[in-house]
Amino acid sequence: MKSEASKIPNAPPDNFTPAERTEREFGRLTSKEHLYVSQHISSEPLPEPIMDEPPYFILICTYLNYLILIIIGHIRDFFGQIFYPADFKALTGQNGLAPWYSGFESFYVRRLKMRLDDCFARPICGAPGRFIKCFERITDKVNVNGSYHYTGDVVECLNLSSYNYLGFAQSSGTCTDAALASVEQYGTSACGPREQIGTTSLHVECERVIAEFVGKPSALVFSMGFGTNANLFTSLVNSKCLVISDELNHASIRFGVRMSGASVKVFPHNDMEALEALLRAQISAGQPKSHRPWKKIIVAVEGLYSMEGNLCNLPKLVELREKYRFFLFVDEAHSIGALGPNGKGICDYFGVSPNKIDLLMGTVTKSFGATGGYVAADTAVIDRLRLDIATNVYGESIAPPVLAQIISSLNIIDGKVNPGEGTERLQRIAFNSRYLRLALKRLGFIVYGADDSPVIPVLLFLPAKMPAFSRMMYEHKIAVVVVGYPATPLTSGRVRLCVSAALTKEDLDRVIEAMSEVGDKLFLKFSSGIAGGAKKKGEAPRWALDDVLANTARDCTISMA
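Given the structure is predicted, the values throughout are model-derived calculations rather than measurements.

## Section: the sheet that holds strand β7 (residues 296–302)
Here is step 1: In space, the 7 strands of this open sheet follow the order β4-β10-β9-β8-β7-β5-β6, with mixed pairing throughout. Because the sheet does not close on itself, it has two edges, and the strands there are β4 (218–222) and β6 (263–267). Taken pair by pair, the neighbouring strands of this sheet meet at an average axis angle of 20°, ignoring direction.
Here is step 2: Two elements, strand β5 (residues 241–246) and β7, share 5 bridges in a ladder whose sense is parallel. Looking across to β7, one finds that V243 is bridged to I298.
Here is step 3: The sheet contacts of helix α8 (residues 272–285) involve β5, β6 and β7, and relative to β6 the element is tilted by about 150°.
Here is step 4: Its contacts with the sheet put helix α11 (residues 379–388) on β4, β9 (359–363) and β10 (373–377), and the angle it makes with β4 is roughly 30°.

Here you go:
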């Protein structure tokens, strides 16, 4: 069977042998020294991530950039509606109907975001493993939807843009074999010929394996990660309950809490003192109108924050839970599989018993190369959710091949299948995360996040540097993701590097060299050194590229805070 890329004119021939193709999807380990264990030492204090700040003129230039873009955009809108009214039909009423949206509501998308639209949602083909194949597309019309033309070429790029943390997104191997076998037995839908409609024995097995893996009595799986959070809270809380949420929680949590009708309070990101003060005030005040005690209080946090790359302070959260008797909800979408010596997430990383977390939510989309989400909790809670959670009542069940992918990947991590493979994957992502982060800090980039986080945000700030950085890295055949407002604050546009166990140290060296060159051209190396990377604490990083490549692998286990 020909690959998808081979059907495209001018595409590079996919004539690799099975072994070569496997290595291109998951790189071969070149040295046992390139391994590390991701774990917080309980005897040491939890390091607080230090947020380095750019020089003031960078922030001033960032605001000026947006101001100029806004002024030019309004001028173009004003004259465009006069001379090119056909291009502004969506902003004006037609046939007595109101416009779909106002010019102000759509201004950011039309005049700012669409200027760098080629850097977002690049179409791909093939497995998103160590390398990723991107379709070439060009446009001669800026700010016009659907104006891209495909050349027929495919560019193979080193992949730092996928959440393939453990490298299980492969087109061959144990997980793929298990998925294919499930198709033979169950078919491709959730309604297999030998099973009842909706739930198969594979669903039951998958829930059992997930519950055992995360250390909870029971679990429930869903076909969509966003939908897991979006409907979870409606089954748990009502208007007489309180949800206290971290200000940087994912949109799915925010949406789910709003849908539930519960009262919501937000505390500053990872500020445990502010959280405790808020808990004391809310427990004292009670419900807004009656001042009766809250029926239920849930504190919702994430294990690993995907935009900041830092971790929740789980030990302190557990301490507060014991003191104030609230329910603790932890979203492990990015931490499960990617953190901890056994890959079991934020509890494993901190050495905290899962029994001290009331609700563990996670996705299987990222570390396990599948799709969907899960909630793990006590059996009574999961049985209650089975009754009315809308995600499963009105949604589809997970397809058998996806379930087989989840089960097989979890069994590999646990060592039940292919002993040693799961341990290597976990130790490779731990090394890769620390190595790339420390190298970029030593080069002078401002990097956010915890040392062991596989999400590495590198700050770009100016809006014009986001598309420039993405396009220049694409020329180096390295795929990255740039993120700006509204996903981040206006002045902190960034590139978010997603590290994978599939990458080798040599791959990361290639990324470091390319980023050093691009960083020099775009003037991105303005770290003060306060957050790490300097030879002496408090100095600006003064490392040469050769020194970084020669010494960072040896030093990557040293704390960078």
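## Structural notes on the packing of helix α14 (residues 421–443) against helix α16 (residues 505–522)
Here is step 1: For the pair α14 and α16, the least separation of the axes is 11 Å and the interaxial angle reads 20°. In this view, α14 runs roughly parallel relative to α16, as classed from their interaxial angle. For the pair α14 and α16, the sense of crossing is right-handed. Contact residues: α14 offers F431, N432, Y435, L436, A439, L440 and L443, while α16 offers K505, L508, D509, V511, I512, M515 and S516.
Here is step 2: Per-class residue counts for the contact of α14 with α16 are 10 nonpolar, 2 polar and 2 charged.

## A few points about the environment of S43
Here is step 1: Inspection of the secondary structure assignment puts S43 in the loop between α1 (18–25) and α2 (56–83).
Here is step 2: A sequence separation of 165 residues divides S43 from R208, and the C-alpha atoms of the two residues are 33 Å apart.

## Details of the sheet that holds strand β3 (residues 149–159)
Whether parallel or antiparallel, the strands of a sheet pair through hydrogen bonds between backbone atoms.
Here is step 1: Sheet architecture is open: 4 strands sit in the order β1-β2-β3-β12, paired in mixed fashion. For this open sheet the edge positions go to β1 (124–125) and β12 (478–479), each flanked by a neighbour on one side alone.
Here is step 2: One ladder, built from 2 bridges, connects β1 with strand β2 (residues 131–138); its direction is antiparallel. Bridging across to β2, I124 finds its partner in C134.

Thresholds applied
- Throughout this document, residue positions are counted from 1 along each chain, in the order its sequence is written.
- Only residues with pLDDT of at least 70 are given local features in this predicted model, and only at 80 or more are side-chain atom pairs given and counted; all residues enter the totals for whole chains, interfaces and linings.
- Side-chain measures were taken over the full set of non-hydrogen atoms in the model, leaving aside hydrogen atoms and water.
- Each pair of strands is called paired provided DSSP finds at least two bridges between the two strands.
- Counting from the N terminus, the helices are DSSP H or I runs at least four residues long and the strands are E runs at least two residues long.
- In this analysis an axis means a line fitted to C-alpha atoms, helices contributing only their contacting stretch, and an angle means the value between N-to-C directions, from 0 to 180 degrees.
- By definition in these notes, contact holds between two residues if any of their heavy atoms fall within 4.5 Å.
- If an angle is under 35 degrees, it is roughly parallel; if it is over 145, roughly antiparallel; if it lies from 65 to 115, roughly perpendicular; otherwise it is oblique.
- Here a crossing is taken to be left-handed if its near helix is turned anticlockwise relative to the far helix by less than a right angle, and right-handed if that turn runs clockwise.
- In the scheme used here, Gly and all other residues not listed as nonpolar or charged are polar, with Ala, Val, Leu, Ile, Met, Phe, Trp, Tyr, Cys and Pro taken as nonpolar and Asp, Glu, Lys and Arg as charged.

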